[in-house]
Every structure is written in structure tokens, then in C-alpha cells.
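# Summary of structural features
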Amino acid sequence: MLRHVAAGIDGSPAGLAAAHWAAREALRRGTALRLVHAWEWQPRPAPTVPADVSQRSWAEDMLAQVSDSMRAAHSGLQIITHPVADAPVEALLAAAAEADLLVLGSHGISGVAGFLTGSVSQRVVARSPRPVVLVRAGECTADEHFSAVDGISPDEIPETPYRDVVLGLDTDRPCDELIEFAFDAARRRAAPLRVVHVFSGPSPYAAIDRLAPENDPGLRAEHERVVVVTLRPWREKFPAVAVTETVTEGRAAGELIHASAGAALLVVGRRVRETRLGTHLGPVAHAVLHHVPCPVAVVPHA
């Protein structure tokens, strides 16, 4: 199949934002854009489906409208539409397996100041064999770039620099797929890459009268050394990418949420593992998906 970036759309503003982000990513990668909409026949269609229109016709019309919008906004982009009569999770997982990456929308902000990540999106992210990017409703081209001089839109000045790409790095389980995805994303944008590694502080139960390993003054230096060693081959492979490293003590989710403020993209990993309850995201990925305002890429790895 033709190489492509896939976007799951559902007729919502978040789905439209995801489609536009996926279109820009497809242009950066030189691939096609595949718009995927899954629908299941329901005895009571959703309120968005007109009473005099079949669910299939509504799905096909919606895809056609979004496709026309993408062509108008992204000149030269090859677009494929793919309506699927199947359960949304299964349809999107199948689409992800055939794509370079899958892009989904996230709906607004909840009453506790977190973003609403629907059950379909969460289940797809937790099970996808390929990277998935979650995009917030309202995300646009300007959000990926630094502010242009005199308030001119980045759409008018394409060379306006991109904001940073941020990578959350766990040196206990460094993963080639995750690191390469982040370096490649930064390279395609000619953007700086900020690598954030967070290590745990001293245990509150550590004995006061002896030096616990976590209290060793050389602990931070050792973590910094491991980060440098881990990134060295990737710096050599991507010499054009400007990289900065931040090594800090704390909680990984909180530090990544803070570090991603004003970023173009946050990249985190998801370990592929099965439990008695099935696949799951892990606490760090779960937290950033609900609280980071910029697009978040979740990269599966062993």
C-alpha cells in the first residue's frame, strides 16, 4: 500500500484538527493522507445524523467534505478516503497497522482542567502497533510555530521556525523506536529537540544516619552521563538536529507536562505488554495525554 499518515475523523472539531495536523505531517513526510471514518449501524443514529439520511451516506458525505477541506488547505497533498462499517476501535487499529502513524483528536477540557480523551482514543493508543498522535481541538498551524514578526501568521511565512520537539527519555529502558521518532520529528521541522530525563529522588523511608544511594551527590551526574551516552549515536545519525538535555529529579509525568509548555510536539513511549486486564497506557503516558496542551505522540516499544 502507498505510504501514508492516517487520521481518524468523526465530524467533530477535534477530528478536524487531527485531520489538518495529519495533513501537515504527511506533507513533511512526503506521503499521502488517509482519512478514516468508522461507523456502525445503530437503531438510533447519533443526533448529528439527519433523520432523512442513512448512516452510510452521512459518513461518506462527511468524509467528502473533510477531504475537500484538506485539499483546499494543503496544496499538492494526495488524499485517500476510507469509510469503514466496523467498530471504531477495531477499524482504527487496522488503519494504524497500515500507516506510518495514526492521528486522533482529543475533545476539549474537562472540569478538572484536564483534556477529555475519549474511550475510543485511549483504547486505540493503548493497543496500536504504530505511533499514535493525539491532537487537541482547535490546534492549528500557528500553534506549531513561534510567533512571527508583527503578528504575521506562519501560514504567510512558511519559514517561521517550529517550536521545540520534547522527548521524554527513560534511560532504564532506552528504546530505539522512541528516540528515532523524536529525532526524525525534529529533523523534519528543523526544530530543536529537548530531551527530558527524570529520575526518582530519595525515598522518604531512607535512613537518616546513612547515605542512601538516591542521596549520593554523584547520582545526578551519573544520570547525565547515561543520557549523553544513550543519545550519542542518535546525534551522529541526525547531525542537523540541535539537542539539549535536561536531567531532573521528580515525577516524570509532572516534569514532562511542565517541559511541554509551548512545544510543537511531545514524544513519549508506551511499553507493549499484556496484563490480566489487557493492554494499558502506563501512568506517564496516561497523565500527559490528559494534561499536555500540545500534540502528544505515543510510540509503542518492547
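Residues numbered from 1 in each chain as written. Predicted model: local features only at pLDDT ≥ 70, side-chain atom pairs only at ≥ 80, totals over all residues. Heavy atoms only, no water.

### Details of the overall build of the protein chain
Looking only at helices and strands, the protein chain features nine helices and 11 strands. Out of the 302 residues belonging to the protein chain, those deemed buried represent 47%. Looking at the protein chain alone, contacts between residues at least 24 apart form 76% of all its contacts between residues at least 6 apart. Just so you have it, the protein chain exposes about 15,100 Å², and 54% of that area is on carbon and sulfur atoms. (Helix = DSSP H or I, 4+ residues; strand = E, 2+ residues; numbered from the N terminus. Buried < 20%, exposed > 50% of the residue type's maximum accessible area, 1.4 Å probe, protein only. Contact = heavy atoms within 4.5 Å. Areas by Shrake-Rupley, 256 points an atom, 1.4 Å probe, with all protein chains shown as cover.)

### Examining the packing of aromatic side chains
Throughout the structure, instances matching the rule amount to one aromatic pair. Over the face of the ring belonging to Trp-21 we find Arg-28, whose NZ or CZ atom lies 5.6 Å from the ring centre. (Phe/Tyr/Trp six-rings, centres within 6.5 Å; stacked < 30°, edge-to-face > 60°. Lys NZ or Arg CZ within 6 Å of the ring centre and 35° of its normal.)

### Things to note about the confidence of the model for the protein chain
Confidence in the prediction for the protein chain averages 85 pLDDT; 80% of positions are at 70 or higher. Ranking the helices and strands of the protein chain by mean pLDDT puts strand E7 (residues 165-168) first, with 98, and strand E5 (residues 115-116) last, with 54. The low-confidence segment residues 207-214 (pLDDT under 50) makes eight contacts with residues lying over four places distant or belonging to another chain. (pLDDT = per-residue confidence, 0-100.)

### Observations regarding the layout of surface pockets
One way to see where empty space is left: roll a probe the size of a water molecule over the atoms. Reported here for the largest pocket is a volume of approximately 720 Å³. As for the largest pocket, its lining consists of 29 residues, and the residues nearest its centre are Leu-169, Asp-170, Arg-173, Ala-252 and Val-284. When contributions to the lining of the largest pocket are tallied by element, the ones reaching two or more residues are strand E8 (193-199), helix H8 (252-259), strand E10 (265-271) and helix H9 (283-291). Its residues placed into classes, the lining of the largest pocket shows 14 nonpolar, nine polar and six charged. (1 Å grid on protein atoms, 1.4 Å probe; cavity = no way out; pocket = protein on both sides within 12 Å on 5 of 7 lines; lining within 4 Å. Points joined across faces, edges and corners; volume = space filled by probe spheres on them. Nonpolar A, V, L, I, M, F, W, Y, C, P; charged D, E, K, R; others polar.)

### A few points about the pattern of salt bridges
For the structure shown, the criterion picks out 16 salt bridges. Residues Arg-28 and Glu-25 are paired through a salt bridge, measuring 2.9 Å at the closest nitrogen-oxygen approach. Note that Arg-28 and Glu-25 are positioned in helix H1 (residues 13-29) at a spacing of three residues, about one turn of the helix. Comparing Arg-28 with Glu-25, the two get one shared label, buried. Between Asp-184 and Arg-188 there is a salt bridge, with its nearest N and O atoms 2.7 Å apart. Taken together, the residues span about one helical turn, with Asp-184 and Arg-188 both in helix H6 (residues 176-189) at a distance of four residues. Overlapping salt bridges, with partners in common, bring together Arg-3, Arg-24, Glu-25, Arg-28, Arg-29, Asp-100, Glu-144 and Arg-189 in one network. (Salt bridge = Lys/Arg side-chain N within 4 Å of Asp/Glu carboxyl O.)

### Some remarks on the nonpolar core
With 53 residues, the main nonpolar core has Leu-33, Leu-35, Val-103, Phe-183, Leu-193, Leu-265 and Val-267 as its most contacted residues. Setting aside residues no more than four positions away along its own chain, Phe-183 makes contact with Leu-193, Leu-231, Trp-234, Arg-235, Phe-238, Val-241 and Val-243. If you look at the next biggest cluster of nonpolar residues, it comprises 34 residues, including Ala-91, Ala-95, Ala-263 and Leu-281. (Core = buried A, V, L, I, M, F, W, Y, C linked by side-chain atoms within 4.5 Å.)

### Regarding unusual backbone geometry
The backbone phi angle of Ala-190 is positive, close to 55 degrees, even though this residue is not glycine. Along the chain, Ala-190 falls in the loop between H6 and E8. You can call Ala-190 exposed: its relative accessible area is 69%.

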